[in-house]
Each structure stands twice: as C-alpha cells, then as structure tokens.
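# Residue-level structural notes
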Amino acid sequence: AGRGVSSSGRAAPHAGVGRRARMEGSEDLDSSLLTQPWASVCFGESTFIAKACFRETGYVLLISDLSSVWYERADTDVVGKRSKELNKRLTAHVSSFLNRLSNLMCPLLEGRESDANSFSCQQTPSKLTIHVKSELSGLPFYWDFHCAAAAVEMISHHLVRPLIRMSLTLQYQLQELASLLVQKDAEIEDYRESGAALSRGRLRTEPFQEKPFLQKVVDESLPQLCGAGDGQAFTGTLQHLYTAVARQEVRAAQKRRHSGDAETPELASSPQLAERGMDSLVTLGSQQEKVEPPSDLPQSLGATVTPSSPAQRARLPVSKAKRKKAKGLFS
C-alpha cells in the first residue's frame, strides 16, 4: 500500500529512498563545505571571504564581509526551477547548470578571474544576492545566488571554532620555535667558548628573547596586519591550516558517529583549554602559560610540530661540559 505502481506495472521506488538519498547528499555537502578553505573574492567594489561546494546533488555557498554571514543551499529541484525562470531560451540538464556554476565560482575562490564572467551583488544585513552573467552552449546564461543570513551555529562551525583551534595550534608552534631558538643560542655560545669565530660577521645574531620579540610584533607588525583589509583574512599558509583543522573536526565527528559516543572531547572544546590558550596569546607583560599540545593536533601543516620534552622546554644555562669542533658557519 505504501508503494506506487508505474505504467509498466513494476513497483515504483518508495518515497523514503529519495529522501534518504537527499539527506545523505546534504550531509556530504556539509562535510565538504567545512573542509573548504575561506578565500578572498571581490564582487564589484565589495570584498568578501567565501567558500563553496558543488556536487551533483546541488551546492552550498557561505560568504561573509566579516560583519554579516550569508548562506545558501540549493538542491537539484531549486537549481532546475531557478534556471528555467532566469534562462527561458536555454534548455539543459540540471547537472550542466551545476557544472557551469562550479566552473564560474571555483576560479574566483582560487584567486583567478575571467573577463567573460560578470558578477555583481546586492546586500542587506539579512540577505545577499549575487548576480552572475555568463554563457552556456553559446547562449546567455544568468544565475542568482540568493543567500540568507546564516545561523549562529553555522557561523560557529565554520569560523569561530576553527579560528580558536588555529590560534591554539599557532601558539603551540610559537612555543616550540622559541624553545628551539634558545637551544640554538646555547649551541652557538658553546662554539664561541671553544674558540670558534664567524667567517662572516654580518651573520652574527643576538640571543633570542621571547618577550621583547612578541612585544615588537604587537607594536610594529600588528598595525600593518590589521590594515590589510578584511578580504585578506585567509591567505597562504592560513588556508592550509584551516583545511587541516577542519578535516580533523570531520574525522572526529565521523569517529563519534561510528562509536555512538557523543561525549568524545575535541580540540579546544574544553573552556579551560581555550581560555588558557587565549590568555597566553594576549599576556605579554607577564610569564606566559604553556599550552600543552592537543591530542588531535593537525599534522598536515606547513612545518612538522613535534612535542618536546620538559628538558627541551626549560631555559637552560649554556653548557660548558664539552668542547666541540667548529663547523658550519664557523671557521
């Protein structure tokens, strides 16, 4: 009784199968969108950060000017209906429209532009419409992305939580690099006390001091970074770091679903860890608190991060127990 019969006499698929397929496609889009890095895009004179994901089942688009965040999800039904409304002379399969939209948006998100494509936008705090004018099969092709204000949960999922994780990861890297510099200074001092001298005086450096260095960054570099513009929020290495953090979250979510344990801890889920990491970032005048390496710290970063031992972290005096032969930069 719950199944229909087609004109050929065979039972038609249950409606629940189609709904299940759409739900699975929706979950795949959500996971894929999370792992996409934010990119700087310009529409007219307006600069945004955006990410998008296109699949055969539809697309999702998330875009922000760092004052508001807008979002659109469109399945094949929406794409087909809107295409007919905007392109009355153009008849094509929905997959062709989705493929064309992907070819239009992806170059923008990768920093490439095309003169043949025209983008413009109209925005309000609650709505953002992006108008696209291009060609498909030699005929004019028009499209409108209708983005509504994103939910707070989505903003947290794609911006707030990843940024906290990135901050903690970068802080941990900074501590490891500072510890390594102190060890290098001790090694160089040992060479000097062994009678070694630099062959080129211009290579001589002063011993690294962490607090003055951090204060210099805040005083000199921070004003320049803050004046770079909102569209430069995610560039270069930060895009790779964001992707690594997002993939780690996707893996953690999949692991929780498979195990059925909703209480699995995540990086920076603990308020104490997040608070401790942020305090360490902003407190420069007092002794910085060490952030312990998270158990699920991403490994696919620009540099390999290896937790050091307590002995490596300590600021030890210069060792004078051994006399080493000069080498490297020393003669």
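On a predicted model such as this, the values are computed, not experimentally measured, just so you know.

This part covers the overall build of the chain. When helices and strands are counted, the chain shows eight helices and seven strands. When each of the 331 residues of the chain is scored for burial, the buried share is 35%. A separation of at least 24 residues holds for 62% of the contacts in the chain among residues at least 6 apart in sequence. Surface accessibility of the chain: about 20,200 Å² in total, with carbon and sulfur atoms responsible for 53%.

It should be kept in mind that the predicted coordinates are not to be read in detail where pLDDT is low. Averaged over every residue, the pLDDT of the chain is 75; residues scoring 70 or more account for 67%. Counting contacts from residues 298–331, a segment whose pLDDT is below 50, to residues more than four positions away or on other chains yields 65 contacts.

A few words now on the sheet that holds strand S5 (residues 118–124). Pairing is antiparallel in the open sheet, where seven strands are placed in the order S1-S2-S3-S4-S7-S6-S5. Edge strands, defined here as strands with exactly one partner in the open sheet, are strand S1 (39–43) and S5. In this sheet, neighbouring strand axes are inclined to one another by 30° on average, regardless of whether the strands run parallel or antiparallel. Here seven bridges tie strand S3 (residues 58–64) to strand S4 (residues 69–75), and the two strands are oriented antiparallel to one another. Bridge pairing in S4 links Gly58 to Asp75. Sheet strands in contact with helix H3 (residues 94–109) are S1, strand S2 (46–55), S3, S5, strand S6 (127–136) and strand S7 (139–149), and its direction is about 140° off that of S2. Taken strand by strand, helix H4 (residues 152–193) contacts S2, S3 and S4, and its axis lies near 105° from that of S4.

Evaluation of the coordinates by the stated rule reveals seven salt bridges. One salt bridge in this structure joins Arg82 and Glu72, with 2.8 Å as the shortest N-O distance. With Arg82 in helix H2 (residues 76–86) and Glu72 in strand S4, this pair connects stretches of sequence that are ten residues apart. Judged on exposure class, the residue Arg82 and its partner Glu72 are both buried. Between Arg192 and Glu189 there is a salt bridge, and its shortest N-O distance comes to 3.9 Å. Residue Arg192 and its partner Glu189 are located together in helix H4, separated by three residues, close to a single helical turn. Residue Glu189 is classed as partly exposed on the basis of its relative accessible area of 27%. Three or more residues joined by partner-sharing salt bridges are found here, namely Arg161, Arg165 and Glu249.

What counts as what
Residues numbered from 1 in each chain as written. Predicted model: local features only at pLDDT ≥ 70, side-chain atom pairs only at ≥ 80, totals over all residues. Heavy atoms only, no water. Helix = DSSP H or I, 4+ residues; strand = E, 2+ residues; numbered from the N terminus. Buried < 20%, exposed > 50% of the residue type's maximum accessible area, 1.4 Å probe, protein only. Contact = heavy atoms within 4.5 Å. Areas by Shrake-Rupley, 256 points an atom, 1.4 Å probe, with all protein chains shown as cover. pLDDT = per-residue confidence, 0-100. Pairing = 2+ DSSP bridges. Axes fitted to C-alpha atoms, helices over the stretch in contact; angles between N-to-C directions. Salt bridge = Lys/Arg side-chain N within 4 Å of Asp/Glu carboxyl O.

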